Amino acid sequence: AQKQGLNNYHFYSANLNSSLQERLALENELYHALDRDEFLLHYQPQVSLHSGRIIGVETLLRWQNPARGLVSPAKFIPIAEETGLIVPIGEWVLRTACTQSLAWQAQGFSALKIAVNLSARQFKQQNLVETVTQVLNATGLDPHYLELELTESLMIDNIQQSINIMRQLHNMGIVLSVDDFGTGYSSLNYLKRFPIHTLKIDQSFVHDLVVDSDDAAIVDAIISLAHSLNLNVIAEGVESQEQLNYLQNKGCDEIQGYYFSRPLPANTLTQLLEEGKTL
Ligand code: C2E
Ligand code: CA
Ligand code: CA
Ligand code: CA
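Summarised in this report is the structure supplied together with it. (Residues numbered from 1 in each chain as written. Chains lettered and ligands numbered in written order. Predicted model: local features only at pLDDT ≥ 70, side-chain atom pairs only at ≥ 80, totals over all residues. Heavy atoms only, no water.)

Here we take up the coordination of the calcium ion (ligand 2). On the protein side, the calcium ion (ligand 2) has Glu-58 (OE), Asn-117 (OD1), Glu-149 (OE) and Asp-179 (OD) as donor atoms, found 2.1 to 2.3 Å from it. On the primary sequence, the residues serving as donors to the calcium ion (ligand 2) are separated as E-x58-N-x31-E-x29-D. Separating the calcium ion (ligand 2) from the calcium ion (ligand 3) is a gap of 4.0 Å, which Asp-179 spans by donating to each of them. With a gap of 121 residues between them, Glu-58 in strand β2 (residues 54-65) and Asp-179 in strand β6 (residues 175-181) connect regions that are remote in the sequence. Taken individually, Glu-58 and Asp-179 each receive the classification buried, so the pair is uniform in this respect. (Donors = N, O, S within 2.8 Å, 3.2 Å for Na, K, Ca; no water. Helix = DSSP H or I, 4+ residues; strand = E, 2+ residues; numbered from the N terminus. Buried < 20%, exposed > 50% of the residue type's maximum accessible area, 1.4 Å probe, protein only.)

Another point: the site of ligand 1. In the region of ligand 1, 22 residues are neighbours, and Gln-44, Arg-62, Gln-203, Glu-239 and Tyr-258 sit closest. In the model, an oxygen atom of ligand 1 is placed 3.0 Å from a nitrogen or oxygen of the Asp-179 side chain. Here Gln-203 contributes a side-chain N or O atom positioned 2.9 Å from an oxygen atom of ligand 1. Here ligand 1 has 800 Å² of accessible area as a free molecule, and 81% of this is covered by the chains. Elements with a contribution of two residues or more to the shell around ligand 1: β2, α3 (73-83), α4 (86-106) and β6. (Near = heavy atom within 4 Å. Polar contact = N/O pair within 3.5 Å; in protein donor to acceptor, adjacent residues only side chain to side chain. Areas by Shrake-Rupley, 256 points an atom, 1.4 Å probe, with all protein chains shown as cover.)

Take the coordination of the calcium ion (ligand 4) next. Coordination angles at a metal have ideal targets, namely 109.5 degrees for four tetrahedral donors and 90 or 180 degrees for six octahedral donors. Surrounding the calcium ion (ligand 4) are the protein donor atoms Asp-180 (OD) and Asp-180 (OD), which sit 2.9 to 3.0 Å from the metal. Between the calcium ion (ligand 4) and the calcium ion (ligand 2) the interatomic distance amounts to 6.0 Å. Take Asp-180: it is sitting in strand β6.

Right, let's talk about the packing of aromatic side chains for a bit. Per the stated rule, a full pass over the model turns up 5 aromatic pairs. Between Phe-39 and Trp-63, the aromatic rings sit 6.3 Å apart at their centres with planes inclined by 40°, giving tilted as the arrangement. A residue pair is termed long-range when its members are at least 10 positions apart, and Phe-39 in strand β1 (residues 39-48) and Trp-63 in strand β2 qualify at 24 residues. The same class applies to Phe-39 and to Trp-63, which are both buried. With a centroid separation of 6.0 Å and 40° between ring planes, the pair formed by Phe-39 and Phe-76 is classed as tilted. With Phe-39 in strand β1 and Phe-76 in helix α3, the pair connects residues that are 37 residues apart, well separated along the chain. Residue class for Phe-39 comes out buried when judged on its relative accessible area of 6%. Exposure remark for Phe-76: the relative accessible area of 0% places this residue in the buried category. An aromatic cluster is defined as three or more aromatic residues linked by ring pairs; in this entry it consists of Phe-39, Trp-63, Phe-76 and Trp-92. It is Arg-262 that lies over the ring of Tyr-258; its NZ or CZ is 3.8 Å from the centre. Over the face of the ring belonging to Phe-260 we find Lys-277, whose NZ or CZ atom lies 4.6 Å from the ring centre. (Phe/Tyr/Trp six-rings, centres within 6.5 Å; stacked < 30°, edge-to-face > 60°. Lys NZ or Arg CZ within 6 Å of the ring centre and 35° of its normal.)

Encoded structure:
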């Protein structure tokens, strides 16, 4: 017969919230994912509306787990954030992206920017600037080709500290952009104090642009705001010709989205660059 303790355990275990169990399993596997080499990067083109050409790529992390298949970042990035795993994972992303960027330059695609997402947890690391410097030195990438994407909420959590860190990155020659612009706190007051180069219009506004006049008004306002502050503006999540036309008419500088290309593995993106694909 089983002992009391074990019965209690079985009882507890059987009643454990299944989503909690799932979460613990995911967390456990995430702990080993770097060592097991399960991460890979996809790259999505950013296209100039002035020249029609690919002028940058955004690096998007993918987790290829043997049992689960391809796990969506929406599912594992929040866990990586909470556990702090995003710090070593993020460093791997940065190093791999910088190395890839250098390879593209060696192949003659010399003006291509590479954008990397930075999470709140990474941004708050004491040694962020040091880490970025080390990666740039180790890979040999010119910092002017590196763009770091930050979110509004991350920036205004501790404004003075954020400005300090952003100034250091900016002074190194790194380009900074605000991701998901319009969805976070309205930081219009602070916008001019941050050394920012680009606003990225969140895809939720782009999605219904053509059918929802409120979203269209928000997009118009962000483009005007960006340009009056001398910032570059890029719309993400562009899926249709109608959205593209609208954005082009309003003077948006760049687009990114399935309309031009989904995020792609490096070698497929290389093919697009070789073909010289334009809008
Ligand atoms: P994000 O930075 O806003 O990235 C844009 C997301 O929109 C990507 O989702 C991209 O695949 C998707 N997307 C691009 N074009 C379209 C389109 O036309 N239509 C639609 N519906 N979606 C489009 P993904 O790759 O699933 O990444 C989700 C989020 O995960 C990212 O949102 C970012 O916040 C986070 N993430 C991804 N990679 C990294 C990373 O390396 N580090 C960190 N810290 N976060 C990352
Ligand atoms: Ca992003
Ligand atoms: Ca975004
Ligand atoms: Ca997002």
